[in-house]
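# Commentary on secondary and tertiary structure
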Amino acid sequence: MSSIDASVPPATRVAPPAADSRVRFAHDNYINANYGIKSWLLTKDHKRIALLYLASITVFFILGGIYALTIRLELLTPAGDIVQPMTYNKLFTQHGIIMIFFFLIPSIPAVLGNFLVPLMIGAKDLAFPKLNLLSWYLYLAGAIFTIWALLNGGIDTGWTFYTPYSTTFSNTYVVAAGLGIFINGFSSILTGLNFIVTIHTMRAPGMTWFRLPLFIWSHYATSLIMVLGTPVIAITILLVALERIVHIGIFDPRLGGDPVLFQHFFWFYSHPAVYIMILPSMGVVSELISTHSRKNVFGYSFVAFSSLAIAVFGFLVWGHHLFTSSQSVYAGMIFSFVSFAVAIPSAVKVFNWTATLYKGSISYDTPMLYALGFIGLFTIGGLTGLFLAALGLDVHLTDTYFIVAHFHYIMVGGALMGYLGGLHNWWPKITGRMYPEGWGRFSALVIFVGFNLTFFPQFLLGYLGMPRRYHAYAEEFQVLNVMSTAGASILGVGLLIPGIYFIWSMRYGKFAPANPWAATGLEWRTMSPPPTENFVRTPVVTWEAYEYRPMEEMEVIGPDKGNTAQPAHGEATKN
Amino acid sequence: MQLPRLPFTPEQASTVSGEVDALYTYLVAITLFFSVLVTVLIFYFAVKYRRRSENELPQPIAGSIKLETMWTVIPFLIAMTIFVWGASLYFTLYRPPKDAIEIYVVGKQWMWKFQHTEGQREINELHVPIGAKVKLTMTTEDVIHSFAVPAFRIRADVVPGRYTYAWFEATKTGRYHLFCTEFCGTNHSGMTGWVEVMEPTAYQAWLAGGGSDSPAAQGEKLFQSLGCATCHRTDTQGRGPVLTGVFGKPQRVQGGTDVVVDEAYLRESITNPAAKVVEGFQPIMPSYQGQVSEEQLLQLIAYIRSLGAPPGQQQQGAMTNGGTGREEPSTTTGTSPDTQRSNPLNSTSPRPGGSPVSTGNSNQTPGGNSNR
Amino acid sequence: MAHAETLDAHDHTTTTQHASSNLAHHFDNLEQQREAGSLGMWLFLVTEIMFFGGLFTGYIIYRMQHPQAFAIASSTLNWKLGALNTVVLIVSSLTMALAVYFAQMGNRRSQIIFLVVTMLLGATFLVVKAFEYADKFEHHHFPGLNFQWNEAVPAGVSTHHIQMFYWIYFAMTGLHALHMIIGIGAMLFLIFYAYRGRYTPEYHAPVELTGLYWHFVDIVWIFLFPLLYLLGAHLTHGGGGGH
């Protein structure tokens with residue numbers, strides 16, 4: 001093993017603390033560029049917009065989490081004794097809507113993607129900064145409508161709002177919540193559009209497609225899905241709203257409509273949507289694994305193309321949600337086949353990540369722990385998807401807790417872990433501060449344990465037959481439910497800890513150097529936090545992805561000569 | 001296929017439960033194998049290659065086409081084995097056999113209503129005999145529900161406006177959970193029940209223990225009281241087509257196409273008669289949409305089906321004492337006409353020798369889920 | 001950052017320092033900016049295809065299931081007005097393309113003229129549509145609100161499916177009209193800035209992109225017109241149903 005240039009002694013991995021105990025960055029950056037609430041609310045800087053998103057989705061995550069804990073509390077006992085049945089139905093509906101539309105779908109793209117895409121490709125901002133800000137406001141507008149619906153009584157249809165229950169029978173705020181999701185959808189569309197155009201047209205000189213970090217590839221694939229899929233859910237919501245308001249018979253059989261048609265429309269988007277939720281996380285994991293083993297990702301082009309393959313195949317499998325819904329048996333066969341096919345690219349990624357570890361230099365920093373956890377949990381979650389793709393088995397398992405366990409393994413064990421790992425990995429870059437490493441590792445462990453205890457029993461409950469969306473359940477299911485609730489409380493505590501220390505670190509955390517992990521991406525070649533224009537000089541890329549070069553080529557990009565050493569403590573870099 | 005049961009599985013109480021469990025076990029094995037493989041590799045690499053000094057820099061390794069091919073092709077082949085097995089199991093699950101007992105199921109918020117052809121009606125509890133194939137013809141009065149019996153490993157949604165089907169053959173007596181598993185409103189979790197599988201003699205006793213007229217008999221009463229008999233006479237003088245023996249046969253409708261007279265067509269003809277009018281008749285039949293419930297529709301259909309069975313044929317309680325003329329039995333179709341039902345409770349075989357029952361299969365509608 | 005705006009004898013704008021004022025700070029040059037804007041608009045149009053696509057899918061499914069009902073309902077639409085609107089829109093696409101051309105040429109006066117003509121044609125379309133809608137409302141063909149089908153219905157046809165056609169008609173043409181209104185609004189902005197001489201041979205991306213959008217709206221109508229208006233002739237010809 002050769003070494004990183006020994007002229008940079010390890011001690012400078014972490015910059016010494018600032019003399020001044022108040023927050024004082026040593027250099028001009030996007031955070032201290034202007035002050036005042038208007039400069040944040042009317043910003044066009046992709047990095048500030050990323051932080052705006054970070055704040056909003058965290059609020060929603062907490063709200064969705066409270067719903068989850070209440071649900072688990074109710075499920076401690078077989079009888080429905082904590083909340084009324086109608087209330088319980090609203091709880092799981094709203095948990096789903098909030099977590100999916102207002103947390104998971106935006107999470108990595110809107111926070112990490114917004115922040116990092118321009119940095120990783122060497123650009124000054126996204127292609128359409130104003131549209132980016134509009135995206136955030138659309139998110140807020142959708143959020144406000146949804147909160148209004150929640151405060152006024154909520155919605156109880158399940159996040160899948162199947163017809164005719166949602167169009168004709170439910171007496172809750174379906175239209176208002178639907179409108180909230182509709183508006184939020186445009187936020188998604190604009191973000192995806194922005195990313196695609198940015199990646200196509202704004203790469204730095206020398207940054208060819210196959211030199212792009214895999215994070216960019218997966219965000220590109222995600223953006224394709226966002227752009228193509230989201231309009232379909234938008235029109236579906238409109239149709240449901242119209243049917244509720246004007247009583248047209250598009251889904252109502254009594255008026256000549258077809259209730260199963262709704263399911264086709266709904267899942268045509270909502271299945272690709274789950275790939276919107278997992279692909280960015282996979283991109284994060286590629287970065288974390290390579291950074292924290294100091295190696296290029298094994299099989300780079302296979303991993304890159306697998307993201308595209310998942311995006312394409314993902315649009316062809318929606319019927320696997322309709323295996324028991326009176327869909328034709330032959331259609332079921334086709335969807336089952338393609339559902340197996342879509343699993344293969346994900347398997348390819350898992351093997352490539354594992355192979356990346358071989359003969360690497362592996363650190364146990366928090367981001368790596370999350371990445372390794374992701375690989376294990378996503379493997380289990382993904383393999384349980386095979387259970388569901390198998391037609392004969394899905395008949396027994398669908399609409400049970402097996403499904404709930406399957407998607408939580410992917411969404412929490414996968415997507416959320418990727419998000420947390422990414423937050424930790426890029427926290428120094430985003431905030432200029434280090435989080436406390438000991439607490440980071442500890443909470444990763446707590447989250448891992450809590451998560452498995454919560455959701456593994458649910459696989460067993462599902463095979464035993466416990467249906468999902470049940471407020472009260474048969475007595476023999478209680479033991480496993482109690483285990484699951486115990487796990488949920490541990491998971492809840494585990495998730496609180498990073499919330500606390502991240503906020504703490506913004507005030508008291510050690511100041512971060514430009515490249516605390518000795519990583520190779522372009523984003524590490526500018527200061528932590530970056531200046532508003534990202535790079536003082538446009539980088540010119542002459543190396544492959546994840547390639548380590550001599551130290552002077554990996555320095556912070558400085559104003560004139562391009563290989564200025566790190567600024568001395570206290571010295572500001574003026575442009 | 002009866003393998004030892006894995007822990008945390010429900011009882012195996014139907015003919016398919018064993019195979020479903022076998023497929024599950026196969027998948028559990030695959031999952032265990034790959035998860036353990038990946039986990040062990042991760043741990044092993046993470047320990048063996050842990051960072052030992054701050055300035056360590058490993059050699060980059062680009063990749064390996066051989067490895068990529070291997071770990072693409074092998075998982076794909078494994079996936080295909082799962083696919084084929086799952087698909088074949090699915091066909092079994094969704095192709096009700098022709099010789100099944102029929103039971104009608106109507107879901108509604110928030111209960112399951114059952115009607116046996118002998119006349120027994122039940123709510124939330126379904127009694128069936130062991131060792132008999134049971135076909136459920138199902139619908140719902142309101143929203144989509146889903147009929148699921150974990151011990152039988154079966155499930156099928158019930159959809160408003162159409163009939164869906166499921167079938168099972170119970171292999172163990174006992175009492176098994178029945179759940180509604182498609183969210184249907186406030187009391188979704190209360191829409192549960194039991195399937196009681198009984199020995200044949202016990203089942204017979206239960207059947208004889210009470211209950212009202214058979215669905216066909218009730219259907220006949222409706223047929224008279226709703227005025228159907230006025231136009232649908234048994235001679236050709238009526239303003240509507242003769243219904244004797246019409247079930248299961250193809251009919252030409254206006255516009256030149258043929259339809260098979262199955263449950264779905266009959267239901268449509270009662271609720272929306274103008275949709276497919278038989279050729280040669282005027283579209284004057286009024287719609288009964290809203291005037292008959294789903295259960296009554298099933299009873300009318302049961303009655304119409306009972307018309308035209310050959311005389312002397314032993315059937316399951318389809319008493320047609322309306323004096324209808326008996327024509328030739330219907331040809332076999334994908335659905336199961338009375339003449340084809342196997343009934344383990346009958347001592348005589350259902351098909352006396354010499355009976356002019358055609359065994360050719362003019363399957364116009366597959367006997368699975370009604371396709372849309 | 002002021003740009004010098006002078007008008008020569010032919011009313012052409014001349015560019016002196018336009019490049020710096022029209023180049024957004026995060027782009028390296030105008031070419032990159034133009035390329036990004038163009039790709040962005042194409043992507044947006046793809047999302048619009050998916051958006052309308054849902055309605056088209058619903059239309060296709062229900063038409064295949066109930067061809068007669070759809071034909072009957074379609075025959076109550078005024079195909080002549082529909083054809084007129086089609087011509088109006090196609091001509092407006094031509095005038096829009098000309099506006100873009102003159103923007104490319106730097107001809108301020110012609111730019112504005114053709115933008116105004118396009119707007120007027122678009123407005124004409126909307127006025128004709130408004131008349132059609134009012135007529136439908138009068139005849140009680142507006143689904144959900146006052147729908148009443150008073151004519152005889154042939155065998156096999158349900159008024160539910162006739163109402164379904166109308167509702168799809170209003171949904172699709174309504175969504176289309178909404179897009180036209182937005183397009184007209186965009187053109188108002190363009191006319192305003194064109195008057196100020198903002199669009200030059202070097203920088204006229206907004207005109208081009210609006211042109212793209214307008215052509216898309218036109219193409220959607222070209223699909224809507226036969227599918228909605230011309231069913232009656234196609235399907236009821238020769239009497240009787242059949243697909």
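Residues numbered from 1 in each chain as written. Chains lettered and ligands numbered in written order. Predicted model: local features only at pLDDT ≥ 70, side-chain atom pairs only at ≥ 80, totals over all residues.

Listed per partner, the contact involves eight residues of chain B and seven residues of chain C. Here the residues of the side of chain B that touches chain C are counted per class, giving four nonpolar, three polar and one charged. (Contact = placed C-beta atoms within 7 Å. Nonpolar A, V, L, I, M, F, W, Y, C, P; charged D, E, K, R; others polar.)

On to the sheet that holds strand β11 (residues 192-198) of chain B, then. Residue and element names in this part refer to chain B. A sheet is described by the order of its strands in space; here five strands give the open sequence β5-β11-β10-β7-β8, paired in mixed fashion. Looking at the sheet topology across the chains shown, the edges are occupied by β5 (125-129) and β8 (154-158). Taking each pair of neighbouring strands and ignoring which way they run, the sheet shows an average axis angle of 20°. Note: strand β7 (residues 145-149) against strand β10 (residues 174-180), two bridges, orientation antiparallel. By the bridge assignment, A148 is partnered in β10 with F179. On top of the sheet, helix α3 (residues 200-208) reaches β5 and β11; it is set at about 130° to β5, its chief contact. (Pairing = 2+ DSSP bridges. Helix = DSSP H or I, 4+ residues; strand = E, 2+ residues; numbered from the N terminus. Axes fitted to C-alpha atoms, helices over the stretch in contact; angles between N-to-C directions.)

Cis geometry is found at the peptide bond from S528 of chain A to P529 of chain A, where omega equals -10°. Looking at the secondary structure, you find P529 of chain A in the segment after α15 (478-508). In the segment running from Q109 of chain B into W110 of chain B, the intervening peptide bond is cis, with an omega of -5°. Unlike most non-glycine residues, H247 of chain A shows phi in positive territory, near 60°. Take H247 of chain A: it is sitting in the loop between α7 (214-246) and α8 (259-293).

Before going further, it helps to spend a moment on the interface of chain A and chain B. Contacts between chain A and chain B engage 81 residues on the former and 78 residues on the latter. No other element matches the 15 residues that helix α10 (residues 329-357) of chain A contributes to the side of chain A that touches chain B. Split into classes, the residues belonging to the side of chain A that touches chain B amount to 49 nonpolar, 26 polar and six charged.

Glancing now at helix α4 (residues 79-105) of chain C. An α-helical turn contains 3.6 residues, so a residue and the one three or four places further along point in the same direction. Residues and elements named next belong to chain C. Here α4 contains 27 residues, and its C-alpha end-to-end distance of 39 Å stays within 8% of the 39 Å for a straight helix at 1.5 Å per residue. Taken residue by residue, α4 has G82, N85, V88, L89, S92, S93, T95, M96, A99, V100, F102 and A103 as its buried positions. Its buried side turned inward, α4 meets α5 (108-138) and α7 (205-229). Looking one or two residues past α4, G106 carries a phi angle of roughly 85°, positive in sign. (Expected span 1.5 Å × (residues − 1). Buried ≥ 20, exposed ≤ 12 C-beta atoms within 10 Å, placed from the backbone.)

Time to look at the sheet that holds strand β4 (residues 121-123) of chain B. Residue and element names in this part refer to chain B. Strand order in the open sheet made by the five strands is β4-β3-β2-β6-β9, with mixed pairing throughout. At either end of the open sheet lies a strand with only one pairing partner, and these are β4 and β9 (164-169). Between one strand axis and the next, the sheet turns through 25° on average, direction left out of account. In terms of strand pairing, strand β6 (residues 133-140) meets β9 through six bridges, oriented antiparallel. Paired with V134 across the bridge in β9 is F168.

Right, let's get into the environment of Y101 of chain C. With respect to the helices and strands, the residue Y101 of chain C is situated in helix α4. In this structure the C-alpha to C-alpha distance between Y101 of chain C and R196 of chain C, which are 95 residues apart in sequence, comes to 18 Å.

Judged by nonpolar contacts, the single largest core of 324 residues is most densely connected at I375, L386 and A390 of chain A. Excluding residues that lie within four positions of it along the chain, I375 of chain A makes contacts with V285, V350, W353 and T354 of chain A together with V38 and I42 of chain B. Formed by nine residues, the second largest nonpolar core is a distinct cluster that contains W517, A519, V556 and I557 of chain A. (Core = buried A, V, L, I, M, F, W, Y, C linked by C-beta atoms within 7 Å.)

Moving on to the packing of α8 of chain A against α10 of chain A. Residues and elements named next belong to chain A. At a closest axis distance of 9 Å, the pairing of α8 and α10 adopts a crossing angle of 10°. Regarding the angle of α8 to α10, the classification is roughly parallel. Crossing handedness for the pair α8 and α10: left-handed. Here α8 contributes M282, V285, I289, S290 and S293 to the contact with α10, which in turn contributes K349, W353, T356 and L357. The residue makeup of the contact of α8 with α10, split by class, is five nonpolar, three polar and one charged. (Parallel < 35°, antiparallel > 145°, perpendicular 65-115°, else oblique. Left-handed = near helix turned anticlockwise from the far one by under 90°.)

Residues and elements named next belong to chain C. Averaged over every residue, the pLDDT of chain C is 86; the share at 70 or more is 87%. Under a pLDDT of 50 for its full length, residues 1-18 has, in the predicted model, 28 contacts with residues more than four places off or in other chains. Here the prediction assigns the complex a pTM of 0.86, and the interface score ipTM is 0.91. (pLDDT = per-residue confidence, 0-100.)

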